[in-house]
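# What the coordinates show
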Amino acid sequence: MINTTPTEHCIEWRAELLSGVSREDATVVQKRLDELDQEKGYVAANTWLRGVIERFELLAKVTVMRGPIGKECDRLHELEVRGKERKGTTMAWLRHVVKRLHFCDKMITEFDGEQLASWAEKRSNYFEVEMMGIYVQNGIEAVKGFMQSQLVEVGVNFKGWEDNDKLLGLMARMITPEWWTRQAKKQWVIVEDILRECGEVERYKSPYVSNWALNKAEKQKANNKAFLEGWEAINELGQSFTLAELSEKCVSNADNRFSELVVRAKGLEEISEEQGHQGYFLTLTAPSKYHPITSIKKDDKHISVRNKKYWRAGCPDVREAHTYLNGVWCRFRSWCERHGIPFYGLRTVEPHHDGCPHWHLMLWVQPSRAKEFLDAFHHYALQEDGNEAGAKKYRVKVEKIDPAKGSAVGYIVKYISKNIHGKHVDTDLETGRSGSDAANRIVAWARLNRIRQFQFVGGASVTIWRELRKFGKDNAPEFFKDIYHAANRADYSGFVKLMGGVFAGRDQALKIHYSDEVENQYGEMVKAVKGVANEINVLITRLHEWTVRKKGSSSLEDGEAVPWTRVNKCTGPSFGLRNQPTGSGGGGANVSTG
C-alpha cells in the first residue's frame with residue numbers, strides 16, 4: 001500500500017531543501033511533490049526531489065540570468081531524454097555556469113552601480129590591511145604569497161615577482177578601489193559567453209551582442225560622458241578645457257577616427273597605384289565549431305538553429321575564436337616573410353550575427369608573387385577543419401581589386417563605418433537593422449571582448465602622424481618640413497614615402513621622442529611621449545603641463561587636483577628654443593618647440 005501522507009520529519013526535510021531555491025521554483029517544486037505524493041507516495045516523491053533539487057539550487061544562484069539559463073537547461077534535458085545528449089550533460093553544464101559566474105566572494109551579475117563601488121572599496125581596504133599585517137609579522141615573501149592568492153582569485157597573471165619596481169607598482173594599484181573595479185568589470189565578458197551558449201546572441205534575438213551587454217555598454221558610455229564633462233584640464237597659462245572637449249578633438253571622437261582611417265587607407269591605395277601593386281579583398285572566417293548558431297534552409301527560408309559542433313567543441317568563446325584567426329594570420333605572415341613576399345594594407349575585425357569574429361583584409365602585393373601569396377593564404381586558412389562542409393566556399397573569400405570598377409577604399413569604407421558609427425550604412429545586410437544600431441552593437445562587442453578592430457600592415461607610424469598634426473600648417477619646424485607638411489595636409493601617401501616607404505618598419509625617418517623617466521602615481525618609473533625626432537633634431541609637440549581637476553574647482557588644494565600623467569609628465573625640464581642645445585630632459589642634441 002502506497003503511503004501518500006508525508007511524515008512530520010519529511011515535511012521539515014523538504015522545507016529545508018526548498019529554502020535554498022527561489023520562491024517561484026519552490027512553488028513549482030512543491031506542487032509537483034503534492035502530485036507525486038498522491039500518485040506514487042511520499043517516498044517516491046522524495047526520491048524525485050533528491051534528483052532535481054541541485055538544479056533548482058544552482059538556478060537560484062544565477063539571479064538575473066535565471067530566464068535564459070533555465071531555458072537552456074530545459075533544452076539540454078530534453079535532448080538527454082531523447083538520447084541525443086549524454087545523461088548528466090545538463091547538470092554538468094549548469095555547475096560549470098555557476099562556477100564561472102562566481103568571482104571572489106560574489107556572483108558577477110551582482111557587480112553593478114553602487115554595489116560594485118562598495119565591494120571594490122571593501123576589497124581594497126581588506127587587501128591593504130592584510131598586506132601590512134602580513135608584512136609586519138612575516139616579511140615580504142609572505143606578502144608575495146598573499147598577493148598571489150588574491151591575483152589568482154581575480155584571474156590576473158603577474159610575472160614580475162623578482163622586479164621590485166613592478167611589485168611595488170602592483171601593490172600600489174591593488175590598494176585602490178579602481179583596480180578592483182576594473183578586475184570585476186573584466187568578468188562581464190563571462191556573462192556574455194554564457195548568454196551566447198544559451199542562444200541569446202543571434203540575428204533574430206540580439207545580434208552581435210546580447211541585450212544585457214548592450215545595456216552595460218550604454219550605461220558605461222553615459223558614465224564616461226558624465227565623468228569627462230565633470231572634469232577639466234588646466235595648464236600653466238590658465239587655459240582650461242573639459243575632458244569632454246578634449247576628447248572631441250582626438251580619435252576618441254567617432255567621426256575623427258573614421259576620417260583618419262579612410263585617409264590612411266586612401267594613402268596606401270595611392271601608393272599601390274604608383275608602385276603597380278595588385279590589391280585583394282580577403283575574408284577569413286573561423287571553422288564551424290566556433291559559431292554557436294548555424295543557418296539551415298526550411299520551407300524555402302533560412303532559419304537560425306543551435307550548432308552541435310560548437311557545443312561539442314566546449315563552447316569556444318569570442319576570444320578563443322579571435323585567437324584562432326590571429327594564429328592563422330601569424331603563420332601566413334611568417335610564411336610570406338620566409339619566402340620574401342612583402343605586402344601591406346588594412347585588417348578589420350567584426351562579428352558575425354552570433355558574436356563569432358571574422359576578418360576583412362585589404363592587402364596589396366607584387367603581381368608576380370600574387371599566386372603564391374593567395375595559395376598560402378588559402379592553405380593556412382583551411383589548415384584546421386578544412387574538409388568540413390562549406391569550408392572552401394564560406395571560410396575563405398578572395399576578390400581581386402580592379403581600379404576600373406571603382407576605388408578600393410570605396411569598397412572597404414562600409415566595413416570601417418559599420419565598425420565605428422554606421423553613418424554610411426543604410427541597412428546592415430546581416431541583421432536587417434540600421435547602420436547606427438549595428439555599429440553600436442559591434443562597438444560594444446569589441447570593447448567587451450577587448451578586440452582591436454583595425455590594424456594597418458605596413459605604412460608609417462600613426463603616432464608620429466598625429467603628433468605632427470597637433471601644431472597645424474602654420475607652425476612648421478625648420479627641419480623635416482616636408483614630412484610635417486605632408487601630415488598636416490592629410491597626404492598620407494606622401495607622408496609614408498617621406499618616412500621611408502610602406503616597408504620601412506623600424507627604419508623610418510622619424511622616431512617617437514620620449515621624456516626622461518619620471519615616477520608615476522604608483523611609484524613606477526615611466527616615460528611619456530614628448531614629441532618626434534630624427535637622429536639630430538627634436539620637435540617638442542607636448543608644450544604644456546596640464547593638471548586635471550573637478551570642473552569649477554578654484555584651487556588645487558584638498559585633493560581636488562589629479563596630475564594627468566599622460567601630459568603632466570612629458571614636458572620635463574626647460575627646453576631651449578629653435579635648435580638651442582639643452583642640458584637635460586630632451587635626449588636630443590637640438591630641440592625645437594615648433
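Throughout what follows, the structure given in this document is the object of discussion. The structure displayed is predicted, hence computed values, not measured ones.

### Observations concerning the sheet that holds strand S8 (residues 343–351)
Strand order across the open sheet formed by five strands is S10-S5-S9-S8-S11, with antiparallel pairing between neighbours. The outermost strands of the open sheet, each flanked by one partner alone, are strand S10 (396–400) and strand S11 (454–457). Between one strand axis and the next, the sheet turns by 15° as a mean value, whatever way the strands run. Note that strand S5 (residues 278–285) and S10 share five bridges and pair antiparallel. Its bridge partner being in S10, Phe-281 is matched across the sheet by Glu-399. Running over the sheet, helix H13 (residues 254–275) touches S8, strand S9 (357–365) and S11 and is turned about 25° from S11.

### Observations regarding the pattern of salt bridges
Here the structure, examined in full by the defined rule, presents 34 salt bridges. For Glu-153, the salt bridge goes to Arg-123, with nearest N and O atoms at 3.3 Å. With Glu-153 in helix H7 (residues 140–154) and Arg-123 in helix H6 (residues 113–138), this pair connects stretches of sequence that are 30 residues apart. One salt-bridge network, held together by shared partners, links Glu-72, Arg-75 and Arg-306.

### With respect to the side chain of Glu-467
Within the secondary structure, Glu-467 is located in helix H20 (residues 462–468). Of the residues examined, Glu-467 reaches a relative accessible area of 3% and is grouped as buried. The contact partners of Glu-467, leaving out residues within four places of it in the chain, are Val-529, Val-532, Thr-541 and Arg-542.

### Observations concerning the packing of H6 against helix H9 (residues 177–186)
Interaxial distance between H6 and H9 falls to 8 Å at its minimum, and their mutual angle equals 125°. On the basis of their axis angle, the class for H6 and H9 is oblique. Viewed along their axes, H6 and H9 form a crossing whose handedness is right-handed. Touching Leu-116, Trp-119, Ala-120, Glu-121, Arg-123, Ser-124 and Phe-127 of H6 are Pro-177, Trp-180, Thr-181, Ala-184 and Lys-185, all from H9. Residues that form the contact of H6 with H9 fall into these classes: seven nonpolar, two polar and three charged.

### A word on the layout of surface pockets
By rolling a water-sized probe across the atoms, one finds the places where empty space is left. Within this model, the second largest pocket holds a volume of roughly 1200 Å³. Residue lining of the second largest pocket: 36 residues in total, with Thr-285, His-352, Tyr-394, Lys-397 and Glu-430 positioned closest to the centre. Counting only elements with at least two residues in the lining of the second largest pocket, the list comes to S5, strand S6 (293–298), S9, helix H17 (391–394) and helix H18 (408–418). Broken down by element, the residue count for the lining of the second largest pocket peaks at five residues, all from S6. Here the lining of the second largest pocket is built from residues that sort into 10 nonpolar, 14 polar and 12 charged.

### What about the pairing of S6?
Relative to strand S7 (residues 301–306), S6 is paired through six bridges, and the arrangement is antiparallel. By the bridge assignment for S7, Thr-294 is matched with Val-305. Linking S6 to S7, which pair antiparallel, is a turn of two residues; within it Asp-299 sits at a positive phi near 55°.

What counts and how
Residues numbered from 1 in each chain as written. Predicted model: local features only at pLDDT ≥ 70, side-chain atom pairs only at ≥ 80, totals over all residues. Heavy atoms only, no water. Pairing = 2+ DSSP bridges. Helix = DSSP H or I, 4+ residues; strand = E, 2+ residues; numbered from the N terminus. Axes fitted to C-alpha atoms, helices over the stretch in contact; angles between N-to-C directions. Contact = heavy atoms within 4.5 Å. Salt bridge = Lys/Arg side-chain N within 4 Å of Asp/Glu carboxyl O. Buried < 20%, exposed > 50% of the residue type's maximum accessible area, 1.4 Å probe, protein only. Parallel < 35°, antiparallel > 145°, perpendicular 65-115°, else oblique. Left-handed = near helix turned anticlockwise from the far one by under 90°. Nonpolar A, V, L, I, M, F, W, Y, C, P; charged D, E, K, R; others polar. 1 Å grid on protein atoms, 1.4 Å probe; cavity = no way out; pocket = protein on both sides within 12 Å on 5 of 7 lines; lining within 4 Å. Points joined across faces, edges and corners; volume = space filled by probe spheres on them.

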